[in-house]
Amino acid sequence: MKYGMIGCGNMGGAIARALSSRTKDIQIADRSGRGRDLARELGIAYGSNEAIARECDRIFLGVKPHMMAGMLAPLAPILAERKPLLITMAAGLEIARIEAMAGVRLPVIRIMPNTPTALGKGVIPYCANDLVGEDVLADWQGDMAACGLVDPLEERLMDAASALSGSGPAYVYMLLEALADGAVACGLPRAKAMDYAAMTLSGAAEMYLTTRQHPGALKDAVCSPGGSTIAGVRVLEEHGFRGAAMDCVMAAWKKNQELGK
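Structure report, in brief. (Residues numbered from 1 in each chain as written. Predicted model: local features only at pLDDT ≥ 70, side-chain atom pairs only at ≥ 80, totals over all residues. Heavy atoms only, no water.)

**Thoughts on the packing of aromatic side chains**
Then comes step 1: Taken as a whole, this structure holds two aromatic pairs when the rule is applied.
Then comes step 2: Aromatic pair tyrosine 126 and tryptophan 140: ring centres 5.4 Å apart, planes at 75 degrees, arrangement edge-to-face. Linking tyrosine 126 in strand β7 (residues 122-128) with tryptophan 140 in helix α7 (residues 134-144), this pair joins segments that are 14 residues apart in sequence. The same class applies to tyrosine 126 and to tryptophan 140, which are both buried. (Phe/Tyr/Trp six-rings, centres within 6.5 Å; stacked < 30°, edge-to-face > 60°. Helix = DSSP H or I, 4+ residues; strand = E, 2+ residues; numbered from the N terminus. Buried < 20%, exposed > 50% of the residue type's maximum accessible area, 1.4 Å probe, protein only.)

**Some remarks on the pairing of strand β1 (residues 3-6)**
Then comes step 1: Burial along β1 is two-sided: Tyr3 and Met5 and Gly4 and Ile6, pointing in opposite directions, are all buried.
Then comes step 2: Direction of pairing for β1 relative to strand β2 (residues 26-29): parallel, over a ladder of four bridges. Bridge pairing links isoleucine 6 to alanine 29 in β2.
Then comes step 3: In this sheet, strand β4 (residues 58-61) lies alongside β1 in parallel orientation, the contact comprising four bridges. What sits directly across from tyrosine 3, in β4, is arginine 58. (Pairing = 2+ DSSP bridges.)

**So, the state of the cysteines**
Note on terminology: disulfide describes a covalent bond linking the sulfur atoms of two cysteines.
Then comes step 1: According to the stated counting rule, one finds zero disulfides in the structure shown.
Then comes step 2: In this structure cysteine 127 is a free cysteine whose sulfur lies 17 Å from that of cysteine 147, the closest cysteine sulfur available.
Then comes step 3: Take cysteine 127: its relative accessible area is 8%, and that puts it in the buried class.
Then comes step 4: Looking at cysteine 223, it has no disulfide partner, and the nearest cysteine sulfur is the one in cysteine 186, 17 Å off.
Then comes step 5: Residue cysteine 223 is classed as buried on the basis of its relative accessible area of 17%. (Disulfide = S-S within 2.5 Å.)

**Considering the packing of helix α8 (residues 158-166) against helix α9 (residues 168-185)**
Then comes step 1: Contact geometry of α8 with α9 gives a least axis separation of 5 Å together with a crossing angle of 30 degrees. When the axis of α8 is compared with that of α9, the two are roughly parallel. Note on element contacts: α9 touches α8 through Gly168, Pro169 and Tyr171, opposite Ala163, Leu164, Ser165 and Gly166.
Then comes step 2: Looking at side-chain class alone, the contact of α8 with α9 contains four nonpolar, three polar and no charged residues. (Axes fitted to C-alpha atoms, helices over the stretch in contact; angles between N-to-C directions. Parallel < 35°, antiparallel > 145°, perpendicular 65-115°, else oblique. Contact = heavy atoms within 4.5 Å. Nonpolar A, V, L, I, M, F, W, Y, C, P; charged D, E, K, R; others polar.)

**Re the pattern of salt bridges**
Then comes step 1: The final tally for this structure, using the stated rule, is 16 salt bridges.
Then comes step 2: In this structure, the salt-bridge partner of lysine 219 is aspartate 220, at a minimum N-O distance of 2.9 Å.
Then comes step 3: Overall, the relative accessible area of 47% leaves aspartate 220 in the partly exposed class.
Then comes step 4: Across the pair lysine 255 and glutamate 258 runs a salt bridge whose closest N-O atoms are separated by 3.9 Å. Taken together, the positions of lysine 255 and glutamate 258, both in helix α13 (residues 241-259) and three residues apart, correspond to about one turn of that helix.
Then comes step 5: The class for lysine 255 is partly exposed, based on a relative accessible area of 45%.
Then comes step 6: Accessibility expressed as a relative area gives 47% for glutamate 258, which makes it partly exposed.
Then comes step 7: Taken together, the salt bridges that share partners define one network made up of Arg58, Asp139 and Asp143. (Salt bridge = Lys/Arg side-chain N within 4 Å of Asp/Glu carboxyl O.)

**Thoughts on α9**
Then comes step 1: Across its 18 residues, α9 extends 26 Å between first and last C-alpha, which sits within 8% of the 26 Å expected from 1.5 Å per residue.
Then comes step 2: All of the buried residues in α9 are Gly168, Pro169, Leu176 and Ala180. Looking down the long axis of α9, one finds its buried residues gathered within 105 degrees of arc, a one-sided arrangement. Along α9, exposed side chains directed more than 90 degrees from the buried face belong to Met174 and Ala185.
Then comes step 3: Phi for glycine 187, located one or two positions after α9, is positive at around 110 degrees. (Expected span 1.5 Å × (residues − 1). Arc of directions from axis to C-beta.)

**Remarks on the packing of helix α1 (residues 10-19) against helix α2 (residues 35-42)**
Then comes step 1: Relative to each other, α1 and α2 sit at 15 degrees, their axes nearing to 11 Å. Looking at the two axes, α1 sits roughly parallel to α2. For the element pair α1 and α2, the recorded crossing hand is right-handed. Contacts between α1 and α2 involve Gly13, Ala16 and Arg17 from the former and Leu38, Glu41 and Leu42 from the latter.
Then comes step 2: A breakdown of the residues in the contact of α1 with α2 according to their chemical character gives three nonpolar, one polar and two charged. (Left-handed = near helix turned anticlockwise from the far one by under 90°.)

**Let's talk about unusual backbone geometry**
Then comes step 1: Even without being glycine, lysine 83 reaches a positive phi, approximately 50 degrees.
Then comes step 2: On the secondary structure map, lysine 83 appears in the loop between α5 (76-82) and β5 (85-88).
Then comes step 3: The exposure class assigned to lysine 83 is partly exposed, which follows from its relative accessible area of 44%.
Then comes step 4: The backbone of arginine 212 sits at a positive phi, close to 60 degrees, despite the residue not being glycine.
Then comes step 5: Relative to the assigned elements, arginine 212 resides in the loop between α10 (190-211) and α11 (215-222).

Following this line, the structure appears as structure tokens:
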């Protein structure tokens, strides 16, 4: 199957990068023209929206929610004739809205990826309409395996997933920087502080994924009675660390819902 990518920003580029490890039969297009450099780097084709609509069997829609209708409108006659598989990653836009903007019922998969997809470490929740056949879905899942975790999810939960795993890397990067800043304040060189913080976050996440122990139990295993770790945990609790983390996910979820209106 030939893949197309309309819009090649951070997310579109991440998927193109990961997918190119499975196939080079990919064509990308973007408004700015910056996608040409990515196409050359990955050894894939660069074209136009119209060319992708005419030539590609599976088309990723990597444009912002407010730009989706304007992008799809001129392609509507081609989409009505060919009915390719559309894969949308626009926050807040339900499959029914994509069909309405395209002006025709056609196979649609909705995904909410995140930027670690570029490294094959992404989280990609997805849902599909009834026009996506099981064989097509299975084949697409196989290609997307290069991107990371590809997981089915009810559409009503997609906004919540986007607020967690889609937006989540930004929260993690802020935590990484803050932890490193604390270590720098204690005298650790910046480069070492950043590497230590990054490996600590990565290793702690891998501990959970490997053991599936409750995070509270894993935390308790680090906290010796009267020790330094529990002293640090107390400060986080005093500053509302858990509540702030919950609130940021809920704020992103509410924004996703607004984007879909």
